[in-house]
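Given next are the chains, with one letter for each unit.
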Amino acid sequence: MQLLQIFGTFLVAVIIAVIQSKPAHFIHEGYVGVYWRGGALLPHTAEAGVRYMIPVLDTMEQVQVSTQTDSVSSIPCGTSGGVMVNIARIEVVNRLRKDHVLQTIRNYGVHYDKIWIFDKIHHEINQFCSKHTLHEVYIEKFDALDEMLANKLQTDCDKYDIGIDIISIRVTKPTIPDSIKKTFAQLEEAKQELLLKKEQQRLMEAEQVIVLQQAKAKAEQNKQVRKIQLEVELLEEESKKSIQLVRDTMKSESIKAMADAEAYSIRVVAEAEATRLSKAKLQEVLYTSLSNNTKMYFGESIPKFWMDLNQFFDKNSKQ
């Protein structure tokens with residue numbers, strides 16, 4: 001009877017152990033199942049769905065292979081000037097590749113992200129703060145902090161072949177002491193005023209440049225207009241000179257033609273007169289005139305008179 005009770009108790013314990021070990025289990029979408037048998041990692045994974053394992057001997061963990069966000073909270077760091085600041089939260093969007101699940105789990109365990117994301121973020125933030133001033137951490141270099149962290153984490157994951165893809169990183173603004181924050185606010189206000197004055201100065205200089213350019217453009221335009229006017233006036237003068245030259249040439253040619261015509265007329269008249277007043281014609285006229293004279297002359301000198309007339313005609317005809 002006692003032996004039967006012991007066997008019953010053992011059987012109940014076995015049943016409870018089997019139930020607790022969940023031989024039939026579910027793996028959710030975006031995860032893969034990783035199994036250990038007797039503490040040894042099995043060389044295969046299981047996809048999403050209903051899966052089975054040997055009770056008591058096997059254990060299982062679901063490892064996320066879809067995109068996930070790890071949030072690292074409350075990260076203190078000291079600047080190079082000794083001021084302590086606190087970053088409330090850094091969110092790392094990442095994904096573990098399926099083909100690296102077994103390798104990464106075997107080397108770093110199920111909580112691999114603690115080593116390669118959480119602890120790495122703390123380390124890189126402290127390195128960053130220790131090398132920069134408060135002003136650089138809080139203002140000047142803060143906008144590049146997320147990119148710097150993403151590059152650092154991805155470089156180390158690639159170097160050790162972890163299989164983690166860093167997609168993006170979001171960093172909240174650091175928290176600094178109120179007294180320093182007030183000083184920064186005043187500095188920022190003064191900086192904005194300085195930027196405003198510089199912008200106003202730049203606008204004034206730009207306006208002056210525009211006015212100067214407009215004046216130069218107007219002067220150049222007037223210069224071009226005057227140049228064109230001078231060219232037009234020069235062309236007009238040259239045209240007038242050309243017209244006057246043509247007129248003078250025409251007038252000269254006309255005068256020359258008239259002179260030539262007059263000379264020709266005189267020459268023709270002279271030739272006609274020379275033909276008309278020949279020796280014979282003159283003698284005829286003379287003799288006719290003398291014959292018409294009613295006076296009669298007698299004496300010894302009359303023949304000499306006729307001879308002198310003949311000599312006169314001979315002399316003029318030779319000339």
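I will try to describe carefully the structure that is included in this document. (Residues numbered from 1 in each chain as written. Predicted model: local features only at pLDDT ≥ 70, side-chain atom pairs only at ≥ 80, totals over all residues. Heavy atoms only, no water.)

## Overview of a nonpolar patch on the surface
Next, step 1: Residues F26, V50 and Y52 make up a contiguous nonpolar surface patch of about 370 Å² in total accessible area.
Next, step 2: Checked against the element boundaries, Y52 lands in strand 4 (residues 49-52). (Patch = residues over 30% accessible without salt bridge, like charges linked within 9 Å, V, L, I, M, F, W, Y side chains within 5 Å. Areas by Shrake-Rupley, 256 points an atom, 1.4 Å probe, with all protein chains shown as cover. Salt bridge = Lys/Arg side-chain N within 4 Å of Asp/Glu carboxyl O. Helix = DSSP H or I, 4+ residues; strand = E, 2+ residues; numbered from the N terminus.)

## Concerning the sheet that holds strand 5 (residues 58-64)
Next, step 1: Spatial strand order, 3-2-5: 3 strands in an open sheet with antiparallel pairing. Since the sheet does not close on itself, it has two edges, and those belong to strand 3 (40-46) and strand 5, each with one partner. In this sheet, neighbouring strand axes are inclined to one another by 25° on average, regardless of whether the strands run parallel or antiparallel.
Next, step 2: Both strand 2 (residues 31-37) and strand 5 contribute to a ladder of 7 bridges, which runs antiparallel. The residue of strand 5 that forms the bridge with W36 is T59. (Pairing = 2+ DSSP bridges. Axes fitted to C-alpha atoms, helices over the stretch in contact; angles between N-to-C directions.)

## Things to note about the packing of aromatic side chains
Next, step 1: Counted by the stated rule, this structure contains 2 aromatic pairs.
Next, step 2: Taking the centre distance of 5.5 Å and the plane angle of 85° together, the rings of Y108 and W116 count as edge-to-face.
Next, step 3: A relative accessible area of 26% places Y108 in the partly exposed class.
Next, step 4: With a centroid separation of 5.5 Å and 40° between ring planes, the pair formed by W116 and Y160 is classed as tilted. With a gap of 44 residues between them, W116 in helix 3 (residues 112-130) and Y160 in the loop between helix 5 (145-159) and strand 8 (164-171) connect regions that are remote in the sequence.
Next, step 5: Assessed through its relative accessible area of 9%, W116 is described here as buried. (Phe/Tyr/Trp six-rings, centres within 6.5 Å; stacked < 30°, edge-to-face > 60°. Buried < 20%, exposed > 50% of the residue type's maximum accessible area, 1.4 Å probe, protein only.)

## Some words on the pattern of salt bridges
A side chain of one charge can pair with a side chain of the opposite charge if their charged atoms are brought near each other.
Next, step 1: Taken as a whole and assessed by the stated rule, the structure comprises 11 salt bridges.
Next, step 2: The shortest N-O distance in the salt bridge between D58 and R37 comes to 2.7 Å. Of this pair, D58 sits in strand 5 while R37 is found in strand 2, placing the two residues 21 residues apart along the sequence.
Next, step 3: The class for D58 is buried, based on a relative accessible area of 4%.
Next, step 4: Under the relative-accessibility criterion, R37 is labelled partly exposed at 40%.
Next, step 5: Across the pair R226 and E233 runs a salt bridge whose closest N-O atoms are separated by 4.0 Å.
Next, step 6: Since its relative accessible area comes to 40%, R226 is described here as partly exposed.
Next, step 7: On the basis of relative accessibility, which here comes to 38%, the residue E233 falls in the partly exposed class.
Next, step 8: Each member of the salt-bridge network shares a partner with another, and the members are R89, E91 and R170.

## Describing the pairing of strand 6 (residues 68-78)
Next, step 1: When strand 6 meets strand 7 (residues 84-96), the two strands line up antiparallel, connected through 10 bridges. Across the sheet, Q68 pairs through a bridge with N94, a residue of strand 7.
Next, step 2: In this structure, the hairpin formed by strand 6 and strand 7 is closed by a connection of 5 residues, where G82 is found at a positive phi of approximately 90°.

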